[in-house]
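Given next are the chains, with one letter for each unit.
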Amino acid sequence: MHRILLIEDDPQVGPAIRRGLTAEGYTVDVATDGVTGLEFALAGDHDVIVLDVMLPRLHGYGVCGRLRAAGVTTPVLMLTAKDGEHDEAEGLDTGADDYLTKPFSYVVLLSRLRALLRRGGSYGTSPVLSHGDLWVDLATRRAGRGATAVHLTGKQFGVLAALIRANGRVLSKGEILDEVWDPAFRGDASIVEVYVSALRRKIDTPWGTRSIETVRGYGYRLAPIGSTGD
């Protein structure tokens, strides 16, 4: 039985989500402010955290950022009334694994949760993939460059693993969506650009390189080993 932490202060949305998830067989813990939610997340053993952004006492970005700083790797699905690429990027940069804008379909929420619960279960049989000094460990969901580990969210990890597995072949945005996103996803394929940008900031910028090449009009590929990319 999966255990979910729901951090949501809306007096209608929170109870409705809790009732739905409980009916699906999940065990649901609820917090209605950011500070309490952070305490629950640090002390508990949850499989997924559903986290609202606009919370009293501590907003969702702060909760997620502090969890990641403390080494908590529990998948986080952010819920927010905000919309737009920059808002989503902010959530992803703080360590969220997925992002859902209100109002949302409950069916889509369940689909996203199932995808997060499955993460790491279908990435192939080889435990470690590498490209030059870049590597991803499929068993532990860790990634890094050389001896330095780099924290990636679930989808960032999936995008990087897909690119490494492609072995230099160009992947279109659609191909990346098919491999990394849940089949129920019906959003704009340009969301891939947000994740690639975040990946570049994490795996390239600190080392002064550019591993992910943009192939104009098609998609992305990893730069040949030894090159600096585009």
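Described below are features of the structure shown in this document. (Residues numbered from 1 in each chain as written. Predicted model: local features only at pLDDT ≥ 70, side-chain atom pairs only at ≥ 80, totals over all residues. Heavy atoms only, no water.)

1. What about the packing of aromatic side chains?
Inspection of the entire model under this criterion finds 0 aromatic pairs. Directly above the aromatic system of Trp207 lies the positively charged group of Arg145, at a separation of 5.6 Å from the ring centroid. (Phe/Tyr/Trp six-rings, centres within 6.5 Å; stacked < 30°, edge-to-face > 60°. Lys NZ or Arg CZ within 6 Å of the ring centre and 35° of its normal.)

2. Some words on the sheet that holds strand β10 (residues 171-172)
The strands making up a sheet associate through backbone hydrogen bonding, with each pair oriented either parallel or antiparallel. Pairing is antiparallel across the open sheet formed by 3 strands, whose spatial order is β10-β12-β11. Among the strands making up the open sheet, the edge pair consists of β10 and β11 (212-215). Two elements, β10 and strand β12 (residues 219-222), share 2 bridges in a ladder whose sense is antiparallel. The residue bridging Leu171 from the neighbouring strand is Tyr220, located in β12. Helix α6 (residues 154-166) rests against β10, β11 and β12 of the sheet, and its axis sits at about 70 degrees to β12. Strand contacts of helix α8 (residues 191-203): β11 and β12, with the helix running at about 150 degrees to β11, the strand carrying the most contacts. (Pairing = 2+ DSSP bridges. Helix = DSSP H or I, 4+ residues; strand = E, 2+ residues; numbered from the N terminus. Contact = heavy atoms within 4.5 Å. Axes fitted to C-alpha atoms, helices over the stretch in contact; angles between N-to-C directions.)

3. Thoughts on unusual backbone geometry
Of note, the bond from Lys102 into Pro103 is cis; its omega dihedral lies within 30 degrees of zero at -5 degrees. Within the secondary structure layout, Pro103 lies in the loop between β5 (98-101) and α5 (106-118). With a phi close to 75 degrees, Arg57 is a non-glycine residue in the positive phi region. One can find Arg57 in the loop between β3 (48-52) and α3 (60-69). The backbone of Asn167 sits at a positive phi, close to 55 degrees, despite the residue not being glycine. Position of Asn167 relative to the elements: it lies in the loop between α6 and β10. Residue class for Asn167 comes out exposed when judged on its relative accessible area of 67%. (Buried < 20%, exposed > 50% of the residue type's maximum accessible area, 1.4 Å probe, protein only.)

4. A closer look at the packing of helix α2 (residues 34-43) against α3
In the contact formed by α2 and α3, the axes pass within 10 Å of each other and the chain directions differ by 25 degrees. Overall, the two elements α2 and α3 adopt an arrangement that is roughly parallel. The way α2 lies across α3 gives a crossing that is right-handed. Between α2 and α3, the contacting residues are Gly34, Leu38, Ala41 and Leu42 on the first element and Val63, Arg66 and Leu67 on the second. Split into classes, the residues belonging to the contact of α2 with α3 amount to 5 nonpolar, 1 polar and 1 charged. (Parallel < 35°, antiparallel > 145°, perpendicular 65-115°, else oblique. Left-handed = near helix turned anticlockwise from the far one by under 90°. Nonpolar A, V, L, I, M, F, W, Y, C, P; charged D, E, K, R; others polar.)

5. Comments concerning the packing of helix α7 (residues 173-180) against α8
Relative to each other, α7 and α8 sit at 80 degrees, their axes nearing to 10 Å. In this view, α7 runs roughly perpendicular relative to α8, as classed from their interaxial angle. Facing Lys173, Ile176 and Leu177 of α7, the residues of α8 in contact are Ile191, Val192 and Glu193. In the contact of α7 with α8, the residues fall into 4 nonpolar, no polar and 2 charged.

6. Here's the deal with the sheet that holds strand β7 (residues 134-137)
Read from one edge of the open sheet, 4 strands run β6-β7-β8-β9, paired in antiparallel fashion. Single-partner strands in this sheet number two, and they are β6 (128-131) and β9 (148-149). One ladder, built from 4 bridges, connects β7 with strand β8 (residues 142-145); its direction is antiparallel. Counterpart to Val136 in the pairing with β8 is Ala143. Each of β6, β7 and β8 touches α6; the most contacted strand, β7, lies at about 115 degrees to it.

Functional significance is not addressed by these values, which are geometric in nature.
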